Amino acid sequence: MKLKICSSEYVRTVSRGKSWIPAFLSLGFFLAFPVALLLLVGNWSAAGYTQEQLQLLYEGLWKGKLVITGGAVAAAAAIMNSINGFSYVYSCKKVDFYHSLPVKRSRMFWNRVYTGLLYYLVPYMIMEFFAVCIGAAKGFFSLKLMELAARLLLVHLLLYFLFYFSIVLVFCVTGNFLMGVLCLAGMQLYGPALGILMSFCAYGFFDTFSSNYPYGIFKALEDYASPITLTAAFWQKYEAGQGAALAAVLFVLTLIFTAVSYFAYIHRPSEAAGKPMVYGKLAAVIKFMVVVPCGMGTGFVFYLIPTSHARNIWCVFGMILGTVLAHGMIEALYQMDFHAFFSKKVQLLAAAVLVTVCALTYQKDLLNFDAYIPRQEDIKALNLDMMTLSGDMTDYVKEQEDGTFSIEDSTSWEKRENAFSGKDGIGEETYEILQKIVENQENRKFRYGGEQTEEGTFRRLQLGYQLRSGREVKRSYVINTEECGELLYNLYKEENLKNKTEQFLASDTAYLDNISFISGNGRGYDIFQDQPEKQKKLIEAVKTDLQEAAPEDLLALPFAELHLSYILPVAEDIHSLVPGEEKPERHAYGEINLFPSYKNTIAVLKETGYPLSFEETEIKKARILYYNESGEEENSAEYTEKEQLEALVQAAAPSFGSFSWIEYEPDVTAIFQTEQGEEYYAEFLKGRIPEFIRQESRSTDNREGQLTETGNPERTEVTGGADGPTEISVEEEKREVADE
């Protein structure tokens, strides 16, 4: 009997009536391999790709789209075969029948695994072989392609076993379909959901949490803590040829699922069929894993809804409500009795204690998240959002050994390879200002970027620490203008920040596509078009000035901005191919601030004949705009006298950018107009605004504070003249006061 039940004859016997499974999988793999390949190759041929490009695209197909299409069918096969092989454990009659047979549980387990594997593997190999033959008929055949096909088979087999044994494990620890579906959904979604909840709580309670760039446990839970997300991450790495590490993780996880499901199957009591959970201790662990996040999540929702000081009280209410509801619902499911909603009060109390501990950890920052800064000797490099810190939107450009370039835009600052390390790493002075910034965060809780206060203008700076251990730490700091200047000064002094601009300027001018500059008045000019010698001369001048510039030179007020556009050759891959284009190219853009110390650059730019700075622009009239505390324009004044216009121009800042190390006057701006009618917008530098503007501002404030006899505020309109306001009209603002 034992030999018969484990023989191939038995496999054929148990497969009677189940032929729909391999038939369905054959159809699925037929669509996933031969059909998908024919469609894609046909589209590529019609698009006009060259034969070399088609060869590259075909190789990428076996590492990209076929991984996804075949993986989807492999996951479906795992679901069908696991249900077909082990769903009987939910039926008391079937369990009594199968377990009464003179067959060991272990033999029965592996027999079902073997049968399901045959259902999956035979259609897979046939359809993949057809796909290889179709490719060969199209002219794509080599040993490398055969290797890719064999590797794809192993990858999909690994994914099949991962999903198969994860579902078998659920069957073995649950007793009915309802609990099985819930546990399976929890296995696939719990890790990412927990990671998102932790990120939300960190964002709500930790002021320095960088929500846009998760890292560490937050990223691990969101990306790797479930079979689905781990598989998705593996697919991305595999297509890029970097999936070896994740493949090892998948293999180990599959072995764990296999061992645990095997152990749970052979020790599963026969009388457990129909019960929600088979193992009581596991049920308690699962309950705590669900109840604690539910309590935390509900409390956090109630914490966010109110805007009053009572939000902590509402948070406590939400935690109690979420903990009680989650515990009661799970216990009712476990016992299949709603009367058990308030049972297991000791476990409910223990869950409430855990929820309280987690809440206090966030609320009181018991882990010192906001106050943490790595030790100086542990910091290898820094990632900085230079768009916020200095307005730098230059692409990251690096030349490769084969003469091609890698190009990433300025939003890719957080990548490890784009970190600033400098010649000697992060120096003491830079570390000291970082410590100062961290210490000041306590007094800047929940400030927003762009706030202007008596302490200065605040900005939220995204920053990443790259540690020598290989770890990375991301933070979001609120810093004022003074700290921006100090941080930039020390980074320039240690030569941490010049590298990016120097790498961009090092590109051969033969690749230069366009060059222009933005004058201090905000106007842009294309310069030296079709004059490669002058273009090269200008770029060399900028490089010389940058190398010779002292840190304080780079913290002056820029007088203009240089824009460069290169068309660079990039490495050939399936994402950069253009039909019929043999050597793919991409644009790289750079925006370089020009400072008054750049004498060589200024000498070259003067040859253009364009005004280089705001002072060189002839101004006919200036209109000064005043704003109230809410940022709305309140009134304005116009000035046309030469002396006043000169004073205004000297106090104005260039309109092409706002620089974090420079303080501007709040609530007042200017619009300058030339003889030709062109208008230029400008802000004023802090402390340099002319006295007649200050007097006008003070008079405006005084008028705002006046009240009529009825107690209603007045609305003041100012008509400006050459020397200031010439006509003032005051109108009482009427409003209705509702009875309380």
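Our structure's up above, just so we're on the same page.
Here's a quick rundown of the structure. What you are looking at is a predicted structure, and each value in this text was computed from that prediction instead of being measured.

**With respect to the overall build of the chain**
Looking only at helices and strands, one finds 23 helices and 18 strands in the chain. Of all 740 residues assigned to the chain, the portion counted as buried reaches 47%. Once local pairs closer than 6 in sequence are excluded, the contacts in the chain between residues at least 24 apart make up 72%.

**Some remarks on the packing of helix 17 (residues 428–440) against helix 18 (residues 481–493)**
For the pair helix 17 and helix 18, interaxial distance at closest approach is 8 Å and the crossing angle is 160°. Here helix 18 runs roughly antiparallel to helix 17, going by the angle between their axes. Crossing of helix 17 over helix 18 shows left-handed handedness. Seen from helix 17, the contacting residues are E429, T430, I433, L434, K436, I437 and N440; seen from helix 18, they are E482, E483, E486, L487, N490, L491 and K493. Within the contact of helix 17 with helix 18, the residues separate by chemical class into five nonpolar, three polar and six charged.

**Describing helix 22 (residues 642–651)**
Turning to helix 22, its buried residues are Q644, L645, L648, V649 and A651. Angular distribution of buried residues about the axis of helix 22 spans 165°; they occupy a single face of the element. Relative to its buried face, helix 22 has exposed residues pointing more than 90 degrees away, namely K642 and E643.

**A look at the packing of helix 14 (residues 311–335) against helix 15 (residues 345–363)**
Interhelical geometry of helix 14 versus helix 15 gives an angle of 145° and a closest axis separation of 10 Å. Of the two possible hands of crossing, helix 14 and helix 15 adopt the one that is right-handed. Where helix 14 abuts helix 15, its residues N312, M319, T323, V324 and H327 lie against Q347, L348, A351, A352, V355, A359 and Q363. Of the residues in the contact of helix 14 with helix 15, the class split is seven nonpolar, five polar and no charged.

**A few points about the side chain of R268**
The residue R268 is located in the loop between helix 12 (244–266) and helix 13 (280–304) in this model. With no salt bridge to any partner, buried R268 finds its closest opposite charge in E271, at an N-O distance of 9.1 Å. Looking at R268, its side chain comes within polar contact range of the main-chain oxygen of T174, at 2.9 Å. With sequence-adjacent residues up to four places away left out, R268 is seen in contact with V89, Y90, R105, F171, C172, V173, T174, G175, A273, V278 and Y279.

**Quick word on the sheet that holds strand 16 (residues 679–685)**
One open sheet holds the five strands; their spatial order is 13-12-15-16-14, and the pairing between them is antiparallel. Each edge of the open sheet is held by one strand with a lone partner, namely strand 13 (633–639) and strand 14 (652–653). Relative to strand 15 (residues 664–673), strand 12 (residues 621–627) is paired through six bridges, and the arrangement is antiparallel. Paired with I624 across the bridge in strand 15 is A670.

**Observations regarding the packing of aromatic side chains**
The final tally for this structure, using the stated rule, is 47 aromatic pairs. Where Y213 meets W413, the ring centres are 4.8 Å apart and the plane angle is 70°; that geometry is what we call edge-to-face. With Y213 in the loop between helix 9 (177–205) and helix 10 (216–224) and W413 in the loop between strand 3 (405–408) and helix 17, the pair connects residues that are 200 residues apart, well separated along the chain. The pair Y213 / W413 is uniform in exposure class, with both members buried. Seen in terms of ring centroids, F405 and Y511 are 5.8 Å apart; in terms of plane orientation they differ by 80°. Their pairing is edge-to-face. Of the two residues, F405 is situated in strand 3 and Y511 in the loop between helix 19 (498–505) and strand 8 (512–519); the sequence distance between them amounts to 106 residues. A residue is classified by how much of its surface remains accessible, and F405, at 6% relative accessible area, is buried. The residue whose ring lies beneath R311 is Y303, and the NZ or CZ to ring-centre distance is 4.3 Å.

**Section: the sheet that holds strand 10 (residues 560–569)**
The four strands lie next to each other as 9-8-10-11, forming an open sheet whose pairing is antiparallel. Each having just a single partner strand, strand 9 (524–526) and strand 11 (585–594) make up the two edges of the open sheet. Within the sheet, the average angular offset between the axes of one strand and its neighbour, ignoring direction, is 20°. With 10 bridges joining them, strand 10 and strand 11 adopt antiparallel strand pairing. Across the sheet, E561 pairs through a bridge with N593, a residue of strand 11. Across the sheet, helix 20 (residues 532–548) is in contact with strand 8, strand 10 and strand 11; its angle to strand 8 comes to roughly 60°.

**Some remarks on a nonpolar patch on the surface**
There is a patch of nonpolar side chains on the surface, built from Y114, L118, V122, I126, F129 and F130 and spanning about 550 Å² of accessible area. Relative to the assigned elements, Y114 resides in helix 7 (residues 105–137).

**Some thoughts on a negative patch on the surface**
A cluster of acidic residues, E52, E572, D573 and E582, forms a negative patch at the surface. By the secondary structure assignment, E52 is in helix 4 (residues 51–61).

**Quick notes on the pairing of strand 3**
Across four bridges, strand 2 (residues 396–399) lies against strand 3 in antiparallel orientation. Among the inter-strand pairings, E399 is bridged to a residue of strand 3, identified as F405. In this structure, the hairpin formed by strand 2 and strand 3 is closed by a connection of five residues, where G403 is found at a positive phi of approximately 90°.

**Structural notes on the pattern of salt bridges**
Taken as a whole and judged by the stated rule, the model has 16 salt bridges. Here D223 and K219 are joined by a salt bridge, their closest N and O atoms 2.9 Å apart. With D223 and K219 both in helix 10 and four residues apart, this pair spans about one turn of that helix. By relative accessible area, which is 31% here, K219 ends up partly exposed.

**Topic: the side chain of H327**
By secondary structure assignment, the location of H327 is in helix 14. Within the local environment of H327, its side chain forms a polar contact with the backbone oxygen of K344, the two atoms lying 3.5 Å apart. Discounting chain neighbours no more than four positions away, the residues touching H327 are K287, V291, F341, S343, K344, Q347 and L348.

**Here's the deal with unusual backbone geometry**
Apart from glycine, the bulk of residues carry a negative phi angle, and the bulk of peptide bonds sit in the trans form. Even without being glycine, F528 reaches a positive phi, approximately 50°. With respect to the helices and strands, F528 occurs in the loop between strand 9 and helix 20. When its relative accessible area of 6% is taken as the criterion, F528 is described as buried. You will see that D530, though not glycine, has its phi angle at about 60°, which is positive.

The rules we used
- Residues numbered from 1 in each chain as written.
- Predicted model: local features only at pLDDT ≥ 70, side-chain atom pairs only at ≥ 80, totals over all residues.
- Heavy atoms only, no water.
- Helix = DSSP H or I, 4+ residues; strand = E, 2+ residues; numbered from the N terminus.
- Buried < 20%, exposed > 50% of the residue type's maximum accessible area, 1.4 Å probe, protein only.
- Contact = heavy atoms within 4.5 Å.
- Axes fitted to C-alpha atoms, helices over the stretch in contact; angles between N-to-C directions.
- Parallel < 35°, antiparallel > 145°, perpendicular 65-115°, else oblique.
- Left-handed = near helix turned anticlockwise from the far one by under 90°.
- Nonpolar A, V, L, I, M, F, W, Y, C, P; charged D, E, K, R; others polar.
- Arc of directions from axis to C-beta.
- Lys, Arg positive; Asp, Glu negative; His and termini not counted.
- Salt bridge = Lys/Arg side-chain N within 4 Å of Asp/Glu carboxyl O.
- Polar contact = N/O pair within 3.5 Å; in protein donor to acceptor, adjacent residues only side chain to side chain.
- Pairing = 2+ DSSP bridges.
- Phe/Tyr/Trp six-rings, centres within 6.5 Å; stacked < 30°, edge-to-face > 60°.
- Lys NZ or Arg CZ within 6 Å of the ring centre and 35° of its normal.
- Patch = residues over 30% accessible without salt bridge, like charges linked within 9 Å, V, L, I, M, F, W, Y side chains within 5 Å.
- Areas by Shrake-Rupley, 256 points an atom, 1.4 Å probe, with all protein chains shown as cover.
- Charge placed at Lys NZ, Arg CZ, Asp CG, Glu CD.

So far we have only geometry, and geometry alone does not tell us how the molecule works.
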